[in-house]
Amino acid sequence: MTDHAHYARRLRDIADALEANDVRTHDALTPHPDSLTIINNRQTKRGQLNYAVPEQLQLQRRIRRYNADTDLPHGDIVALALDIYLRSQGYPPDIRQAGTRHP
């Protein structure tokens, strides 16, 4: 008899990934509820994210202005924007790794 455990495990992984990304909203730019929970938890461990970006996009100025208008911290603005973009491209966070550090 053939062992299908490997396929069953892969199907569970795929279902978990789809579930993590399957929150339908009327606005594609609405943050995922799981992401908002993490952002709003001030006990969440945070790491530095440094990337060179084109100055012509004026991202630093725009982030500062958005922060001034909304009081949302700079890091949260960047985290939500990247999370929304990566989820829309099919890259949701791995739920099982939440709260752990992986290289």
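Just so you know, these numbers come straight off a predicted model, no measurement behind them.

What counts, and at which threshold
Residues numbered from 1 in each chain as written. Predicted model: local features only at pLDDT ≥ 70, side-chain atom pairs only at ≥ 80, totals over all residues. Heavy atoms only, no water. Helix = DSSP H or I, 4+ residues; strand = E, 2+ residues; numbered from the N terminus. Buried < 20%, exposed > 50% of the residue type's maximum accessible area, 1.4 Å probe, protein only. Contact = heavy atoms within 4.5 Å. Areas by Shrake-Rupley, 256 points an atom, 1.4 Å probe, with all protein chains shown as cover. pLDDT = per-residue confidence, 0-100. Expected span 1.5 Å × (residues − 1).

(A) Region of interest: the overall build of the protein chain. Along the protein chain, the regular secondary structure elements total four helices and zero strands. Listed by position from the N terminus, the elements making up the protein chain come as α-α-α-α. The 103 residues of the protein chain split such that 10% are buried. Within the protein chain, contacts between residues at least 6 apart in sequence are counted, and of these 62% link residues at least 24 apart. Put simply, the protein chain shows about 9200 Å² of open surface, and 54% of that area lies on carbon and sulfur atoms.

(B) Layout of the confidence of the model for the protein chain. Looking at the protein chain as a whole, the pLDDT averages 83, with 82% of positions reaching at least 70. Taken element by element, the protein chain is modelled with least confidence in helix α1 (residues 5–21), mean pLDDT 76, and with most confidence in helix α3 (residues 59–70), mean pLDDT 96.

(C) Molecular detail of α3. Spanning twelve residues, α3 covers 16 Å between terminal C-alpha atoms, matching the ideal 16 Å at 1.5 Å per step. D71 lies just past α3 and shows a positive phi near 65 degrees.

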